[in-house]
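# Breakdown of the fold
What follows is the residue order along each chain.
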Amino acid sequence: MSMGIHNGKREKPIIVYASNLPQGTIKEIECCYDNGWYLAVTYEDGQKAKTYQPGHSAGVDLGEIHTMAVFGKMVKPS
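Attention in this report is confined to the structure presented alongside it. (Residues numbered from 1 in each chain as written. Predicted model: local features only at pLDDT ≥ 70, side-chain atom pairs only at ≥ 80, totals over all residues. Heavy atoms only, no water.)

### Things to note about the overall build of the protein chain
Spelled out, the test is: Only DSSP runs of H or I with at least four residues qualify as helices, and only runs of E with at least two residues qualify as strands; both kinds are numbered from the N terminus onward. Any two residues whose heavy atoms approach within 4.5 Å are treated as being in contact. Reported accessibility uses the Shrake-Rupley method at a 1.4 Å probe radius. Residues are deemed covered only where the shown protein chains occlude them.
For the protein chain, the helix and strand inventory stands at zero helices and six strands. Ordered by position from N to C terminus, the α and β elements of the protein chain give β-β-β-β-β-β. Here the contacts in the protein chain between residues at least 6 apart in sequence split such that 4% fall between residues at least 24 apart. Accessible surface for the protein chain amounts to roughly 7,900 Å². Of this, 54% is attributable to carbon and sulfur atoms.

Shown next, in the form of structure tokens:
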């Protein structure tokens, strides 16, 4: 990952090694920072999408700068 030019000199790139990537076709890898560095990996695992079930929901906000996804499961009181 290029760090650009600083004081007229090209900065050394950041090199990331990842040993535990998910199985499947990797679509995107993002290097992110939130109180520490982490990799966000988007991939296809070959599983078929499940149909909607009442009482279960998922919401996704693609964002303008950062991708964010949220999942929530409704639990019925017993």
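### What about the pairing of strand β3 (residues 25-33)?
What counts is decided by this rule: Strands qualify as paired when DSSP identifies two bridges or more between them.
Bridge count for β3 against strand β4 (residues 37-44) is eight bridges, and the pairing is antiparallel. By the bridge assignment, Thr25 is partnered in β4 with Glu44. What sits between the antiparallel neighbours β3 and β4 is a turn of three residues, in which Asn35 has the positive phi angle 60°.

### Describing the pattern of salt bridges
Stated precisely, the cut-off is as follows: We define a salt bridge as a contact between a side-chain nitrogen of Lys or Arg and a carboxyl oxygen of Asp or Glu at a distance within 4 Å. Buried means the residue's accessible area, taken with a 1.4 Å probe over protein chains only, is under 20% of the maximum for its type, while exposed means over 50%, and partly exposed covers the values in between.
Overall, the coordinates contain one salt bridge when judged by the stated rule. We note a salt bridge from Glu44 to Lys27, for which the minimum N-O separation is 3.5 Å. Here the residue Glu44 occupies a position in strand β4, and Lys27 occupies one in strand β3, the gap between them amounting to 17 residues. Residue Glu44 is classed as partly exposed on the basis of its relative accessible area, which comes to 47%.

### Comments concerning unusual backbone geometry
One non-glycine residue, Asn7, lies in positive phi territory at about 55°. Its identity as a non-glycine residue notwithstanding, Asn35 has a phi of 60°, on the positive side. Residue position: Asn35 is located in the loop between β3 and β4. Owing to a relative accessible area of 76%, Asn35 belongs among the exposed residues under this scheme.

### Structural notes on the packing of aromatic side chains
Our working definition: Here a pair means two rings of Phe, Tyr or Trp (six-membered ring of Trp) with centres within 6.5 Å. Their orientation is stacked below 30 degrees between planes, edge-to-face above 60, and tilted elsewhere.
Counting across every chain of the model gives one aromatic pair. Taking the centre distance of 5.2 Å and the plane angle of 65° together, the rings of Tyr33 and Trp37 count as edge-to-face.

### As for a nonpolar patch on the surface
Note the cut-off: Residues with no salt bridge and a relative accessible area higher than 30% make up the patches, which join like charges within 9 Å and nonpolar side chains (Val, Leu, Ile, Met, Phe, Trp, Tyr) within 5 Å.
There is a patch of nonpolar side chains on the surface, built from Ile14, Val16, Leu21, Ile26, Ile29, Leu39 and Tyr43 and spanning about 530 Å² of accessible area. Elements with a minimum of two residues in the nonpolar patch: β3 and β4. Within the element layout of this structure, Ile29 appears in strand β3.

### Things to note about the environment of Gly46
Counting through the fold element by element, Gly46 comes out in the loop between β4 and β5 (56-61). Taking C-alpha positions, Gly46 is 6.9 Å from Gly24, a pair spaced 22 residues apart along the chain.

Purely geometric stuff here, so don't read any function into it on its own.
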